[in-house]
Amino acid sequence: MDDPFAEAGAAAAPLELVLRAAGPYLDGLPDRRVHDRSADALLAELDGPLPDRGDGALASVERLLEIGTRAATHSSGPRFFHLVVGGSTPAAMAGDWTTSLLDQAGGMWVASPLAAQVETTVLRWLKDLFGIPLSYGGVLTPSATLAHVTGLACARTWWGERHGVDVASQGLAGLPPMPVFSSGLVHPSTRKALQILGHGRDTLRTFARDDIGRIDLAALEAALAGLDGAPAVIVGNVGDVHGGDSDPITDLADLAARYGCWLHVDAAFGMFAALSPRTSHMTAGVERADSITADGHKWLNVPYESGFSFIRDPALQPRAFGDWGVPYLPEAGGDQVNYNTLGPESSRRARALPIWATLRAYGRDGYREMVERHLDVAAHLGVLIEQDPDLELLAPVRLNIVCFRYRPAGVPEDRLNDLNTRLGEALLADGRVYAGTSTYRGMKVFRPAIVNWRTTPADVELLLQVLHELGPTLVREP
Ligand SMILES: *Cc1c(COP(=O)(O)O)cnc(C)c1O
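Reading the values: the criteria
Residues numbered from 1 in each chain as written. Predicted model: local features only at pLDDT ≥ 70, side-chain atom pairs only at ≥ 80, totals over all residues. Heavy atoms only, no water. Helix = DSSP H or I, 4+ residues; strand = E, 2+ residues; numbered from the N terminus. Buried < 20%, exposed > 50% of the residue type's maximum accessible area, 1.4 Å probe, protein only. Phe/Tyr/Trp six-rings, centres within 6.5 Å; stacked < 30°, edge-to-face > 60°. Pairing = 2+ DSSP bridges.

Trainee: Help me understand unusual backbone geometry, please; the structure alone is not making it clear to me.
Mentor: Excluding glycine, most residues fall at negative phi; most peptide bonds, likewise, are trans. Residue Tyr 304 is joined to Glu 305 through a cis peptide bond whose omega torsion reads 5°. By the element assignment, Glu 305 lies in the loop between strand S6 (291-295) and strand S7 (307-311). Look at Asp 103: it is not a glycine, yet its phi comes out positive at around 45°. Looking at where Asp 103 falls in the secondary structure, it is placed in the loop between helix H3 (90-102) and helix H4 (113-130). Here Asp 103 falls in the exposed class, since its relative accessible area comes to 64%. In this structure, Arg 441 takes a positive phi of about 50° despite not being glycine. Of note, Arg 441 is situated in the loop between strand S10 (437-440) and strand S11 (443-446). Residue class for Arg 441 comes out partly exposed when judged on its relative accessible area of 42%.

Encoded structure:
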């Protein structure tokens, strides 16, 4: 029987198939639909039983590419405004391919000094880019959610030590619930991190002064005073996914200092406001936080998966995540950094390489220009909406999120939520432009987020054009 792996001499041949598909795919992104629902029928062709005898690498990869390039959601193109989904710069994507090519075990120095050193370098570059003190520790994570797990695990290590308990070793038994306070802007991923860590997602208390969720500082301070000196965690939020609001991080840092609290900041995409003097006031105070979360796969335009966690006191990271206690795994410490002792993962890919490639390619100026282009595109969309009698802008455009709803004359208020829900569904079914709906102050709204390096004003103009095509047909329906 032939050895199905006997193609070592032609190991690059399947890669050549990918490269050949890459040019037309990437160059075609600006012109194609974001998603073509008729291509969903192709998915069945990827299903089926596990083969006994394989097809060989070329046939297998050819099939995957043929169906994948048609059935994928082309969310790395310029008109995917749903959720907050970034694209991938050419340098970042090539860096990501390099990560796969080199296939490094990226957690331990001994397995890959390359991965470890580049991770140290990009963490320093990112701190520099964001205005975070270089003395902070950090680690790359698969996502902002896992960056929350990292930051909040360090927070609870600190909190356990304040109660005289080594939580990494002993767990939470016998301890009171860890108080965690935030505004109504808190993202569900923070609750998920608390849930994963065993604190329970519903132990987080929010203090909001209005139906947007903006923080009630007086109520938060009263709750902190009521703790009688017991340690607590405050979560600040920069860049809300609905109206683009942010918490006043400087005020939260002052409260954290006064009451001896840990301050964790979720700046998943909002951290990039620091790159432009037009928006950097939104991140003021973040440089005083104890832990900071940001994402690479959103506004940095690095492929999935890419997140960052920064920790003021780097010594907490190995206390929260190190100490394997087995002889064959290296311990924390020294210059030869083992990033798997500083974060939640063990084996991990060298996810620093695409970050290095894109920061090296475009630099501080390139990223500032991209962020400012997005601020301009979002502002342009906001102006078009304000001038449009059928649309209602619901929040000032502060950053890259534009919150609005369809509100044509003659449709009563109590029908608008239903109308906007159906318009949102029709928009996705149409597929030329993607934008999602959510609920903001009780209203069903659109909240496109501009984060893709390819996006131009014409792309957001097409969003409004498609809404104007689809909307009237839905108004006429009962
Ligand atoms: C997207 C987002 C998250 C979660 O990020 P993941 O990378 O999907 O885990 C957290 N907070 C905010 C504000 C976000 O926009």
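There's more to say after this.
Trainee: Would you explain the packing of aromatic side chains in this entry?
Mentor: When we look at a pair of aromatic rings, we describe it by the centre distance and by the angle of the planes. Counted according to the given criterion, the structure contains 11 aromatic pairs. Plain terms: the ring middles of Phe 130 and Phe 310 are 6.4 Å apart, the flat faces sit at 80° to each other, and that makes the pair edge-to-face. Of the two residues, Phe 130 sits in helix H4 while Phe 310 sits in strand S7, which places them 180 residues apart along the sequence. Neither Phe 130 nor Phe 310 differs from the other in exposure class; each is buried. Joined through ring pairs, the aromatic side chains of Phe 130, Phe 272, Trp 299, Phe 308 and Phe 310 make up one cluster.

Trainee: Can you help me understand the pairing of S10 in this one?
Mentor: Within a regular beta strand, the side chains point alternately toward one face of the sheet and then the other, so they alternate between its two faces. On S10, burial follows the alternation: Ser 438 and Tyr 440 on one face are buried, whereas Thr 437 and Thr 439 on the facing-out side are not. Pairing of S10 with S11 involves 4 bridges; the strand directions are antiparallel. Residue pairing across strands places Ser 438 opposite Val 445, the latter belonging to S11. Counting the residues between successive antiparallel strands, the hairpin from S10 to S11 contains 2 residues, one of them, Arg 441, with a positive phi of roughly 50°.

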